[in-house]
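In case you want the letters, here they are:
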Amino acid sequence: MVRENTLTVNDLIYPMFVTEGKAQKVEITSMPGCYRYSLDLLLKEIAEVFELGINAIALFPVIPENKKDDTGTQSYNPDGLIQQTVKAIKQAIPEIVVITDVALDPFTSHGHDGLVDENGTILNDPTVEVLVKMALSQAAAGADFVAPSDMMDGRIGAIRQALDAEGYINVGILAYSAKYASAYYGPFRDALDSAPKFGDKKTYQMDAANAKEALKEIELDIAEGADIIMVKPALAYLDIICRVKSATNLPVAAYNVSGEYAMIKAAAQMGWIDEKQVILESLTSMKRAGADLILTYFAKEVALMLM
Ligand SMILES: NCc1[nH]cc(CCC(=O)O)c1CC(=O)O
Ligand SMILES: [Mg+2]
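Residues numbered from 1 in each chain as written. Chains lettered and ligands numbered in written order. Predicted model: local features only at pLDDT ≥ 70, side-chain atom pairs only at ≥ 80, totals over all residues. Heavy atoms only, no water.

## Quick notes on the overall build of the protein chain
Along its length, the protein chain carries ten helices and ten strands. At 18 Å, the protein chain has a C-alpha radius of gyration in line with the 19 Å of a compact globule built from 307 residues. In terms of principal-axis extent, the alpha carbons of the protein chain reach across some 55 × 45 × 40 Å. Here the protein chain holds 307 residues, and the buried ones make up 54% of them. Within the protein chain, counting contacts between residues at least 6 apart in sequence, those at least 24 apart form 74% of the total. Between the averaged position of the 27 positive side-chain charges in the protein chain and that of its 42 negative side-chain charges there is a distance of 4 Å. (Helix = DSSP H or I, 4+ residues; strand = E, 2+ residues; numbered from the N terminus. Rg over C-alpha atoms; globule rule 2.2 N^0.38 Å. Buried < 20%, exposed > 50% of the residue type's maximum accessible area, 1.4 Å probe, protein only. Contact = heavy atoms within 4.5 Å. Lys, Arg positive; Asp, Glu negative; His and termini not counted. Charge placed at Lys NZ, Arg CZ, Asp CG, Glu CD.)

Structure (C-alpha cells):
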C-alpha cells in the first residue's frame, strides 16, 4: 500500500537489432537472449512483444562492412536497412512506437559517431549536417521518434528545425543528452561490430566523473527542442538520473545498456544471483531514481514476469 514506485511494462522501451537478409536470428554472444534479427523474423518478434504490452522499440542496424564508409553515407539512404525496417514495422503494427538511432557509428568504417579528420578529430558541425539528413530519412520512413545518440553539440536544434521545415512536426526527439563515455557499451559494439577503430569517444561523450556537466547538457537539448531527454548508462549513473529528474519537467529516459545486461546474464549463468529478482531490483532502482522510461534489453523478460 505504501510502495512508492512500481515498475510496469509501460515504462519499458525494447532496443532491437536488425540485420540484412532473411530468416536470420543470430544470438549476440556477449548478450545472451538478445538477437540480430532479419526483418521477416524481427516483425514476428515485435508482434509478440507488442502483445506482451511493450509499446515502444528502439532500432539499431547491423551494417555489413562493405556498406560502411568514412562518411556514413548509408545512414541517410532512403532505401537503407533502417528506413526499410521502419516502413515495414509501421505497416504491420502501426500502433507500436518506433524510435530510430541517429548516430554514424554503425555506418562508418572507423566506428565513430561522427565524421573525423585525418588526425581523428571529430568534426562536430559537418557531422550535424549528416545527422540531419539521417533523421529526415528516418522520419520519411515513418519513425515516431528520432533519437540522436551521437552527442554532437547543436544537433537537437538542427534536427528539430529540419523536421519542422519538412513538415514532420509530430516526429519527436528523444535526445541522448547525458551520454557518458562508458566502458559499459562493449557488448553493444560487439553486436554491431561498431567499436571505434582508433582512439575513443571521450572527446564527444561525457566524462564519468562529471555530474554538473549533465545538467548543462540537458539544458542545451531542452532549449533546442528535445521532447524526452536521456541519461546513459543507467545503473552506475542513478545519481545523474536523480539530478536530471529534479532539473526538468520533461520525461526522462534511462538506458540500461548492454554491459549492465551482460553482467547480470553472466552472473546468473554462473548461478551466483537470482536473475529475475536482480533484474526487477535494478530496473526499479532506475525508476526510483526518476526514470520515466527505461530502454532495456530485459524488456521482454520483464513483461513476461509482470504478467
Ligand atoms: N551511438 C551509438 C549507440 N547507441 C547506443 C549505444 C550503446 C547501447 C548499449 O550499450 O546498450 C551506442 C554505442 C556507443 O555510443 O558507442
Ligand atoms: Mg549536448
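Back to the text.
## Notes on the site of ligand 1
Lys-179, Arg-189, Lys-232, Ser-258 and Tyr-297 are the nearest of the 18 residues found near ligand 1. At 2.5 Å, a side-chain N or O of Lys-179 approaches an oxygen atom of ligand 1. Within the side chain of Lys-201, a nitrogen or oxygen atom sits 2.7 Å from an oxygen atom of ligand 1. When isolated, ligand 1 has an accessible area of 400 Å², and the protein chains bury 100% of it. Here the shell around ligand 1 is composed, by residue class, of eight nonpolar, three polar and seven charged. (Near = heavy atom within 4 Å. Polar contact = N/O pair within 3.5 Å; in protein donor to acceptor, adjacent residues only side chain to side chain. Areas by Shrake-Rupley, 256 points an atom, 1.4 Å probe, with all protein chains shown as cover. Nonpolar A, V, L, I, M, F, W, Y, C, P; charged D, E, K, R; others polar.)

## With respect to helix α4 (residues 155–165)
Within α4, burial applies to Arg-155, Ile-156, Gly-157, Ile-159, Arg-160, Ala-162 and Leu-163. On its buried face, α4 is in contact with β5 (97–102), α3 (124–141), β6 (145–148), β7 (172–179) and α6 (212–224). Looking one or two places after α4, you find Gly-167, whose phi comes out positive at around 90°.

## Here's the deal with helix α2 (residues 81–92)
Given a rise of 1.5 Å per residue, twelve residues ought to cover 16 Å, and the 16 Å separating the end C-alpha atoms of α2 matches this to within 8%. The complete set of buried residues in α2 reads Leu-81, Ile-82, Gln-83, Thr-85, Val-86, Ala-88, Ile-89 and Lys-90. Buried residues along α2 sit against β1 (12–19), α1 (39–51), β4 (56–62), β5 and α3. (Expected span 1.5 Å × (residues − 1).)

## Considering the UniProt feature "binding site: Mg(2+)" (unreviewed entry) in the protein chain
Here, UniProt's "binding site: Mg(2+)" (unreviewed entry) annotation points to Glu-217. Tracing the chain through its elements places Glu-217 in helix α6. On the accessibility criterion, Glu-217 (9% relative accessible area) is buried. If sequence neighbours within four positions are ignored, Glu-217 has contacts with Met-151, Ser-177 and Met-206. (UniProt positions renumbered as here; feature names shortened; annotations may be inferred.)

## A look at the nonpolar core
Nonpolar side chains in soluble globular proteins tend to end up buried together. Core analysis: the biggest nonpolar cluster contains 102 residues, and Phe-17, Ile-57, Ile-159 and Tyr-255 have the highest contact counts within it. Examining the composition of this core, we find that eight residues originate from one element, α3, more than from any other. Leaving out residues up to four positions away in the same chain, Tyr-255 has contacts with Pro-15, Phe-60, Tyr-176, Phe-188, Met-230, Val-231, Lys-232, Pro-233, Ala-234, Glu-260, Leu-295 and Tyr-297. (Core = buried A, V, L, I, M, F, W, Y, C linked by side-chain atoms within 4.5 Å.)

## Points about the UniProt feature "active site" (unreviewed entry) in the protein chain
UniProt records the feature "active site" (unreviewed entry) for Lys-179 and Lys-232 in the present numbering. A maximum C-alpha distance of 4.7 Å is found for the annotated residues, which run over 54 residues; spatially they form one tight group. As for its position among the elements, Lys-179 is in strand β7. Residue classification places Lys-179 among the buried residues on the basis of a relative accessible area of 5%. Residues contacting Lys-179, with those up to four places away along its chain left out, are Asp-113, Ser-149, Met-151, Tyr-185, Gln-205, Met-206 and Lys-232. Separated by 3.0 Å, the side chain of Lys-179 and the backbone oxygen of Ser-149 make a polar contact.

## A few points about the side chain of Asp-105
Looking at where Asp-105 falls in the secondary structure, it is placed in the loop between β5 and α3. Judged by its relative accessible area of 6%, Asp-105 falls in the buried class.

## Focus: unusual backbone geometry
Here the amide bond leading from Lys-232 into Pro-233 is cis, since omega sits at 0°, within 30 degrees of zero. Residue placement: Pro-233 occurs in the loop between β8 (228–232) and α7 (238–247). Backbone geometry at Ala-23 places phi at a positive 55°, although glycine is not the residue there. The topology assignment puts Ala-23 in the loop between β1 and β2 (25–28). Residue Ala-23 is classed as exposed on the basis of its relative accessible area of 58%. One non-glycine residue, Asp-193, adopts positive backbone phi at about 50°. In this structure, Asp-193 sits in the loop between α5 (186–192) and α6. Residue classification places Asp-193 among the partly exposed positions, given a relative accessible area of 42%.

## A word on the pattern of salt bridges
The tally for this structure, following the rule as stated, stands at 16 salt bridges. A salt bridge links Lys-265 to Glu-301; the shortest N-O distance between them is 3.0 Å. With Lys-265 in helix α8 (residues 258–269) and Glu-301 in helix α10 (residues 299–305), this residue pair connects regions lying 36 residues apart in the sequence. Judged by its relative accessible area of 10%, Lys-265 falls in the buried class. (Salt bridge = Lys/Arg side-chain N within 4 Å of Asp/Glu carboxyl O.)

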